[in-house]
Amino acid sequence: MDWHRIRSDFPILDQQVNGHPLVYLDSAASSQKPRAVINALSHYYQHDNSNVHRALHELSSRATDAFEAARKKVARFIGTATEDEIIFTRGCTEGINLVANTWGVQNLRSGDVILITGMEHHSNLVPWQLLAQRTGATLKHIPVLDDGTLDTAAVEMLLTEQVKLFAFVHISNSLGTINPARELCAKAKAVGAVTLLDGAQSTGHMPVNMLDIGCDFFVFSGHKMCAPTGIGVLYGRYALLKAMPPWHGGGEMIASVTLEGSTFKEPPHRFEAGTPDIAGVIGLGAAIDYLEAIGLENIQRHDTNLSNYAMQCMSEVPGIRILGPQSGHRGSLVAFHLDFAHPHDLVEYANTYGIAMRGGNHCTQPLMKRFKVPGTTRASFYFYNTIEEINRLVEVLLAARKFFT
Ligand code: C6P
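Cut-offs and rules
- Residues numbered from 1 in each chain as written.
- Predicted model: local features only at pLDDT ≥ 70, side-chain atom pairs only at ≥ 80, totals over all residues.
- Heavy atoms only, no water.
- Helix = DSSP H or I, 4+ residues; strand = E, 2+ residues; numbered from the N terminus.
- Rg over C-alpha atoms; globule rule 2.2 N^0.38 Å.
- Buried < 20%, exposed > 50% of the residue type's maximum accessible area, 1.4 Å probe, protein only.
- Contact = heavy atoms within 4.5 Å.
- Areas by Shrake-Rupley, 256 points an atom, 1.4 Å probe, with all protein chains shown as cover.
- Lys, Arg positive; Asp, Glu negative; His and termini not counted.
- Charge placed at Lys NZ, Arg CZ, Asp CG, Glu CD.
- Near = heavy atom within 4 Å.
- Polar contact = N/O pair within 3.5 Å; in protein donor to acceptor, adjacent residues only side chain to side chain.
- Nonpolar A, V, L, I, M, F, W, Y, C, P; charged D, E, K, R; others polar.
- Pairing = 2+ DSSP bridges.
- Axes fitted to C-alpha atoms, helices over the stretch in contact; angles between N-to-C directions.
- 1 Å grid on protein atoms, 1.4 Å probe; cavity = no way out; pocket = protein on both sides within 12 Å on 5 of 7 lines; lining within 4 Å.
- Points joined across faces, edges and corners; volume = space filled by probe spheres on them.

A short note on the overall build of the chain
Right, on to step 1. Along the backbone of the chain there are 14 helices and 17 strands.
Right, on to step 2. Taken over the C-alpha trace, the chain has a radius of gyration of 22 Å; the compact-globule value for 405 residues is 22 Å, and the two agree within 12%.
Right, on to step 3. Overall, the chain is about 70 × 55 × 35 Å in size when its C-alpha atoms are taken along their principal axes.
Right, on to step 4. Within the chain, buried positions represent 56% of all 405 residues.
Right, on to step 5. By sequence separation, contacts in the chain at least 24 residues apart represent 71% of the contacts at least 6 residues apart.
Right, on to step 6. Split by element, the accessible area of the chain, about 16,600 Å² in all, is 53% carbon and sulfur.
Right, on to step 7. Charge centroids of the chain, computed over 34 positive and 39 negative side chains, lie 3 Å from each other.

Some details on the site of the ligand
Right, on to step 1. Close to the ligand lie 18 residues; Thr93, Asp198, Ser221, Arg358 and Arg378 are nearest.
Right, on to step 2. Measuring from an oxygen atom of the ligand, one finds a side-chain N or O atom of Asn173 at 2.8 Å.
Right, on to step 3. A distance of 2.7 Å is found between an oxygen atom of the ligand and a side-chain nitrogen or oxygen belonging to Ser221.
Right, on to step 4. Coverage of the ligand by the protein chains reaches 88% of its 510 Å² of free accessible surface.
Right, on to step 5. A breakdown of the residues in the shell around the ligand according to their chemical character gives six nonpolar, eight polar and four charged.

Structural notes on the sheet that holds strand E13 (residues 320-322)
Right, on to step 1. The four strands lie next to each other as E13-E14-E17-E16, forming an open sheet whose pairing is antiparallel. The open sheet has two free edges, formed respectively by E13 and strand E16 (358-360), since each of these has just one partner strand. On average, each strand axis in the sheet is tilted by 30° relative to the strand beside it, whichever way the strands run.
Right, on to step 2. Examined bridge by bridge, E16 and strand E17 (residues 376-380) share three bridges and lie antiparallel to one another.

Considering the side chain of His362
Right, on to step 1. Tracing the backbone through its elements, the reader meets His362 in the loop between E16 and helix H13 (365-370).
Right, on to step 2. Within polar-contact distance, the side chain of His362 engages the backbone oxygen of Gly360 at 3.3 Å.
Right, on to step 3. Here the side chain of His362 touches Thr376 through a polar contact of 2.9 Å, side chain to side chain.
Right, on to step 4. In this structure His362 touches His121, Asn173, Ser174, Thr376 and Arg378, once residues within four positions along its chain are discounted.

What about the layout of surface pockets?
Right, on to step 1. Of the volumes computed, that of the largest pocket is approximately 290 Å³.
Right, on to step 2. Taken together, 18 residues line the largest pocket, and the ones lying closest to its centre are Phe88, Thr89, Glu94, Glu272 and Ala273.
Right, on to step 3. Listed by contribution, the elements that provide at least two residues to the lining of the largest pocket are strand E4 (86-89) and helix H4 (92-107).
Right, on to step 4. For the lining of the largest pocket, the residue count by class is nine nonpolar, four polar and five charged.
Right, on to step 5. Computed from the structure, the second largest pocket encloses a volume of approximately 210 Å³.
Right, on to step 6. Taken together, Ile116, Thr117, Gly118, Glu120, Leu125, Gln129, Leu139, Lys140, His141, Val144, Pro366 and Arg370 make up the full set of residues lining the second largest pocket.
Right, on to step 7. The leading source of residues in the lining of the second largest pocket is strand E6 (residues 138-142), at three residues.
Right, on to step 8. Grouping the amino acids of the lining of the second largest pocket by side-chain chemistry returns five nonpolar, four polar and three charged.

The following block contains the structure:
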């Protein structure tokens, strides 16, 4: 693969920041967009812009065709049984809240258990806290071991028949841990629990297939995989979606409306009230085409090489503590703490050299408490990053020691 040529598909990367070439190491927060996606948005607004599913004129039918074609692409991309299992959302956060407020409210009651893990992003924690308060269900979590993996002995103990929902992250945004999704979903199924997998950091970084993983719900955000912000996906197994009540009411989700009451469309439209993010959906379709042309296996291999290289070089930086698995397969990010600088100060320092990283709790406050750190600095990689950029990061980390001490 010619990764340098692929990198040139991202116009934003070709710029200087603070007098240095930009080194963008914050893709776990939001990825950059290739020209193919930017052009798809521009084409849509210049030629086809119109509302979908509403009018019979030419522009509306073009917009509707492109919108529904993107739904089919998403279904193929994540390996679902049918495109009717694909609901467009604003992102992971909205997808999880949708499940909590529909399936959750309908199915949970006092005595039931919602099981999560100690490494969840707040968006896969707070909605379940709210749901537990509302329904009387109990929220429990599987602890995280010192090496950043799940306590498998605790999985056996906690995954009981009281568990109605097991919601967990595929790849941790704060540790890089890759959870064994298929194995955990099979265990949950054996006790009759419904599963929700948070694919924010896995989708677009590795092949994901719903039928193979066997989860009941899956969420991802387009902006972390080359698509625009504001668009995401909730996958739900059709039998579950069909039995779920709507969440948001409004246009397009109804079959018929009288002043006395309404009936609702079948999924997925039942869960897509109002005018959707049409351009975002089309941009998501373009991102999928783009990623598939490179190949998800190739992307995964390259991402893994980058993070293995980063782990190797960064672990030699004096005073560094890297969180998460120290060896073996991990996601394409390295989150660390330097004993001489607060993450926010370090991120600002790196920024003066044109390096973009994220510092803080990464929306995983309980995990920071678990590892007794005020926060971490996170370098996260995608296929457009290079070995030279990692070398640059290490140089700056070494220089930071002199600067801060
Ligand atoms: N993590 C990060 O810098 P939204 O904001 O809805 O697109 O995605 C939420 C989300 C859910 N789960 C995981 C594992 C995530 O990493 C994220 C987003 C970003 O780590 C922004 S906080």
